[in-house]
Amino acid sequence: MELRHLRYFVAVAEERHFGRAAERLNMAQPPLSQQIQQLETELGVTLLHRTTRKVELTGAGAVYLERARAVLTAVDDAAAEAQRVAKGLQGRLVVGCVGSATYSLLPAFARALREELPAVDFTFRGEMLAPDQLDSLLGRRIDLALLRPPVEHSALKVTTVRRDQLIVALPEGHPLARRKRLGVGDLRDQDLIVHASRGRSVMHGIVTDLCRSAGFEARIRHEVAETSTLVTFVASGLGVAVVPRPVAELGVPGTTYRPLAGNQGVDLMAAVRADDDSPVLARALGLLERVTRR
């Protein structure tokens, strides 16, 4: 038995006439009659009562028609689904995101994904430190990582999404907030709030390196795991922080920001596995590029 036998039977059963069914199937009537007879012989049951004028379903034929329709629908659905997956219109994607991008790029990116790829199951994991993203990417627990450099691994493909300037987050009313722009040297005697070094934070290393390049050691008073906590600590007056510019979009009350002169900023990178040829991932990367250009 082949799928064509089911399609032939369904056509005859629905048309109740071999001639009309043959016309619908774009075939001659005699071969169609032979195929239905072969089907009945294989099943060992009579599916149709035939007269010179019409065709009627037997009880067995009525049951078989219902199941045959379900089988053909399932086959057609499977084909359509496979085609959607091959085109990147259906599937699953897990995106990891560093803290500062969680509050800026991720909302626009997620909105674009929902609007243009509604059949794709997306999962987002925000506030992930870069080393954790790399481990998850290589371990196939996420498919796309939005993170800060350095990103060096032969199994990964990395592209630059954008460059974010560094700014200083200050409590409202802080003396340094009177200035329009700050230098790294202005942080010499300030209590600093940074991401935890035990989490191998990229920003922790950037802040300490900036201070050393200016001739002093960072006076770190608080270490946090998440960017939102860092900004909340700043708003509480516990210290100041050096952050990528998108962090200002958090809009935490009690916090103000000033540009940090003399820095080249920090890149935001998109990393994927080099062997990942997922059509969904390819479409997502295209959307990410479009969102970033906006």
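Described in the following lines is the structure provided in the data block. If you're wondering where the values come from, they're calculated on a predicted model, not measured in any experiment.

This part takes up the packing of aromatic side chains. Applying the stated rule across the entire model yields two aromatic pairs. Plain terms: the ring middles of F9 and Y64 are 5.4 Å apart, the flat faces sit at 65° to each other, and that makes the pair edge-to-face. Highlighted residues: F9 in helix α1 (residues 3–15) and Y64 in helix α4 (residues 59–86), separated in sequence by 55 residues. According to the relative accessible area criterion, F9 is buried, its value standing at 0%. For Y64, a relative accessible area of 17% puts it in the buried group. Consider the rings of F122 and F124, whose centres lie 6.3 Å apart with planes at 20°: the pair is stacked.

What follows concerns the layout of surface pockets. Roughly 210 Å³ of internal volume is contained in the largest pocket. In this structure, the largest pocket is lined by K157, V158, T159, T160, V161, A270, V272, L285, L288, E289 and T292. At the level of secondary structure, the elements contributing two or more residues to the lining of the largest pocket comprise β6 (156–164), β12 (266–273) and α10 (279–293). For the lining of the largest pocket, the residue count by class is six nonpolar, three polar and two charged.

The next subject is unusual backbone geometry. Here the bond from P149 into P150 is cis, since omega is 10°, no more than 30 degrees from zero. Note on placement: P150 falls in the loop between β5 (144–147) and β6. The phi angle at R16 is positive, at roughly 60°, despite the residue not being glycine. Of note, R16 is situated in the loop between α1 and α2 (18–25). Of note in this structure, E127 is not a glycine but carries a positive phi near 55°. Mapped onto the elements, E127 comes out in the loop between β4 (120–125) and α7 (130–138). Taking the relative accessible area as the measure of exposure, E127 reaches 15% and is therefore buried.

Cut-offs and rules
- Residues numbered from 1 in each chain as written.
- Predicted model: local features only at pLDDT ≥ 70, side-chain atom pairs only at ≥ 80, totals over all residues.
- Heavy atoms only, no water.
- Phe/Tyr/Trp six-rings, centres within 6.5 Å; stacked < 30°, edge-to-face > 60°.
- Helix = DSSP H or I, 4+ residues; strand = E, 2+ residues; numbered from the N terminus.
- Buried < 20%, exposed > 50% of the residue type's maximum accessible area, 1.4 Å probe, protein only.
- 1 Å grid on protein atoms, 1.4 Å probe; cavity = no way out; pocket = protein on both sides within 12 Å on 5 of 7 lines; lining within 4 Å.
- Points joined across faces, edges and corners; volume = space filled by probe spheres on them.
- Nonpolar A, V, L, I, M, F, W, Y, C, P; charged D, E, K, R; others polar.

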